[in-house]
There are 6 protein chains.
Amino acid sequence: MSNAKENLNATKTRLIAISNAAPEVMRNFSQISKVASSNGSFSSAQKELIASAISVAIGCEDCILYHVNAAQRHGADENALIEVLEVAIEMGGGPAVMYASKALEAFRSLT
Amino acid sequence: MSNAKENLNATKTRLIAISNAAPEVMRNFSQISKVASSNGSFSSAQKELIASAISVAIGCEDCILYHVNAAQRHGADENALIEVLEVAIEMGGGPAVMYASKALEAFRSLT
Amino acid sequence: MSNAKENLNATKTRLIAISNAAPEVMRNFSQISKVASSNGSFSSAQKELIASAISVAIGCEDCILYHVNAAQRHGADENALIEVLEVAIEMGGGPAVMYASKALEAFRSLT
Amino acid sequence: MSNAKENLNATKTRLIAISNAAPEVMRNFSQISKVASSNGSFSSAQKELIASAISVAIGCEDCILYHVNAAQRHGADENALIEVLEVAIEMGGGPAVMYASKALEAFRSLT
Amino acid sequence: MSNAKENLNATKTRLIAISNAAPEVMRNFSQISKVASSNGSFSSAQKELIASAISVAIGCEDCILYHVNAAQRHGADENALIEVLEVAIEMGGGPAVMYASKALEAFRSLT
Amino acid sequence: MSNAKENLNATKTRLIAISNAAPEVMRNFSQISKVASSNGSFSSAQKELIASAISVAIGCEDCILYHVNAAQRHGADENALIEVLEVAIEMGGGPAVMYASKALEAFRSLT
């Protein structure tokens, strides 16, 4: 996680490979992602923060990097990130504390 | 889930029992819940919806009932619920579809 | 689980409701399911058994009912089910034993 | 969970069925269980409480019933149960609170 | 994951250490693994692919390396791997996409 | 995990950052941890081993490092660690074997 940018790039390279290997599944998955992060009652930035909170709660490090970065690109600020991390900690206890600390580190090093 | 109100009441009765059995741990947990669902960048209703989405992603049925109900009491509407369920489905695939359908059913039967 | 048919029907009713509530996400998810269970190196029946094994490993009871039923409709026999349940137990220990026993019960009562 | 004895009996019936269906896997699994719950630095009762705490942390209701019952049969008292439930809540947050409350209810109704 | 061979070797070294530390539990676990991956309705290669799919769905990176490697040694080809990864993505959403991409990378770099 | 001390230090640095970012949530969480690991029917060392076993069962590597280290500082010996790892393997199958081997490695390299 200390090399957030490098790890994020490696993740994106792998995503291209799996998209080429399973094109129809991945095309539909991308469409789900697009709909799930579109502006609505929640903004795109907020939705990417929700995806970040879920990533923390389930302990998926690549997901944390990916969605924290996406939230940031949509304009999310650190206060809003911290709020969703607090919900994740409520819902995930000690392990969520560990992954929330990685999400915060990723947010700060990807700025 | 078809008896959402009854199950929610049974859950709340159990929560009283565990709070009496482990008072110090539960007092601190309640404080975390209170902070995590306070108004901020996200409203309390939105934060309870985020907790609902995490509940769906991890498949905790009592949590779904509890947080969907709390979101509703804070004024969340069905459109906002559906948006967070879409994020949960993006992050949880088929099992999240199953639990999202229970969250929607709970929301409608608890109204 | 003792009322497998009834529970499966309730699940399918809920799936219709979530499909109406989140049509675009669910249309793409259905397409993923369709591709993921199409005939290939593995038959459709085998792929639904793999989905059953994953359902057991992650402890999603609605998913167990749904995919065991789908495997059965595609012609899977009990011996093949038991083999994938053994892999699920290898990968999930005691909890997988519990859910594998529910998958077996569902398979037998849905026949 | 309100019918703990009935649910535990149904679980045990299913365990017999899966043991007959997958005899070699289940024989080895039973041996693991036997070794893992034998007296050592921790007593058998304590080890079944540890299995109960893990069951709570991962949200497996049948496992909760099974291991809480086994702990009780080995002589575990409620204070010791509550202590491991506190560790489970530390490690599992809100969902663990829900399942811990079920473990406590099971312990009391199975006495 | 970029150093799949190195990581796999480190995993195997750790497995020897835990096998020496907990010999009876590990002997029975190895027996379960042997039975669960024996030829039957599914071939050994297919069963290791199923274990790989479960590993992806639950996000265990060492398991991905171990079972993808075992599948490969039993003669699994990439098309069959991709099919089980599609089922894993159906059952695990975004996080499964991330881990599936690691399984694919491992398969290619371990060849 | 081969650099257990270094990784543990990085984890502790991140924990300070998240504690500063979410002070009220983290203060209450620390209080839960303190109560959950206090001497009682189980000693503090035993309770940290239980937290280690849960960490193994759910696959949280930072948690493994943190709680194995805490158990060690409270005087836990390797035999007691191995016993809880056996329970974790009973409850978690193959993935727990992988994470148990990391817990053992961490215990030995942090001594």
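As shown above, the structure is provided for reference.
Below is a summary of the structure that appears in this document. Just so it is clear, the model here is predicted, and its values are computed rather than measured. (Residues numbered from 1 in each chain as written. Chains lettered and ligands numbered in written order. Predicted model: local features only at pLDDT ≥ 70, side-chain atom pairs only at ≥ 80, totals over all residues. Heavy atoms only, no water.)

## Details of the state of the cysteines
Residues and elements named next belong to chain A.
Item 1. Scanning the entire structure with this criterion turns up six disulfides over all chains.
Item 2. Through a disulfide, C60 is tied to C63; the S-S separation comes to 2.1 Å. Residues C60 and C63 are joined through a disulfide that is right-handed, its torsion about the S-S bond being 65°. This pair shows no difference in class: C60 is buried, exactly as C63 is. (Disulfide = S-S within 2.5 Å. Buried < 20%, exposed > 50% of the residue type's maximum accessible area, 1.4 Å probe, protein only.)

## Concerning the nonpolar core
Item 1. By size, the foremost hydrophobic cluster in this structure holds 276 residues, and its most contacted members are A:V56, B:V56, C:V56, D:I18, D:V56, E:V56 and F:V56.
Item 2. In this structure, C:V56 is in contact with C:I64, C:L85, C:A88, C:A96, C:Y99, C:A100 and C:A103, ignoring residues within four places of it in sequence. (Core = buried A, V, L, I, M, F, W, Y, C linked by side-chain atoms within 4.5 Å. Contact = heavy atoms within 4.5 Å.)

## Focus: the side chain of C:Q72
Item 1. By the element assignment, C:Q72 lies in helix α4 (residues 61–73).
Item 2. Excluding residues within four positions of it along the chain, C:Q72 makes contact with C:F107, C:L110 and C:T111. (Helix = DSSP H or I, 4+ residues; strand = E, 2+ residues; numbered from the N terminus.)

## Some words on the interface of chain A and chain B
Item 1. At the junction of the two partners, chain A supplies 29 residues and chain B supplies 29 residues.
Item 2. Area buried by chain A at its contact with chain B is led by A:F42, A:E90 and A:M91, which between them contribute 25% of it.
Item 3. Here chain A and chain B share two salt bridges between them.
Item 4. Close ionic contact of A:E83 with B:K47 constitutes a salt bridge, the shortest N to O distance being 3.3 Å. (Buried area = accessible area lost by both parts, 1.4 Å probe. Salt bridge = Lys/Arg side-chain N within 4 Å of Asp/Glu carboxyl O.)

## Side note on the pattern of salt bridges
Item 1. Overall, the coordinates contain 36 salt bridges over all chains when judged by the stated rule.
Item 2. Note that A:E105 is salt-bridged to F:R14, the shortest N-O span being 3.6 Å. Taken together, the residues A:E105 in helix α5 (residues 78–110) and F:R14 in helix α1 (residues 4–21) connect one chain to another.
Item 3. Between F:R14 and F:D62 there is a salt bridge whose closest N-O contact spans 3.5 Å. Taken together, the residues span a long stretch of sequence, with F:R14 in helix α1 and F:D62 in helix α4 (residues 61–73) at a distance of 48 residues.
Item 4. Connected through salt bridges with shared partners, the residues A:R14, A:D62, E:E61, E:K102 and E:E105 form a single ionic network.

## Re the interface of chain B and chain D
Item 1. Listed as interface residues are 17 residues of chain B and, on the opposing side, 17 residues of chain D.
Item 2. For the pairing of chain B and chain D, the buried interface totals around 1,300 Å² over both sides, and the portion due to carbon and sulfur atoms is 79%.
Item 3. The largest contributions to the chain B side of the interface with chain D come from B:R14, B:I18 and B:F29, which together make up 38% of the buried area.
Item 4. If you look at where chain B meets chain D, you find two salt bridges.
Item 5. Across the salt bridge formed by B:D62 and D:K102, the nearest N and O atoms sit 3.1 Å from each other.
Item 6. For the pair chain B and chain D, the interface holds one residue pair in polar contact (both at pLDDT 80 or more).
Item 7. Of all the secondary-structure elements, those providing two or more residues to the side of chain B that touches chain D are α1 (4–21), α2 (23–36) and α4 (61–73) of chain B.
Item 8. Per-element accounting of the side of chain B that touches chain D gives the leading share, six residues, to α1(B). (Polar contact = N/O pair within 3.5 Å; in protein donor to acceptor, adjacent residues only side chain to side chain.)

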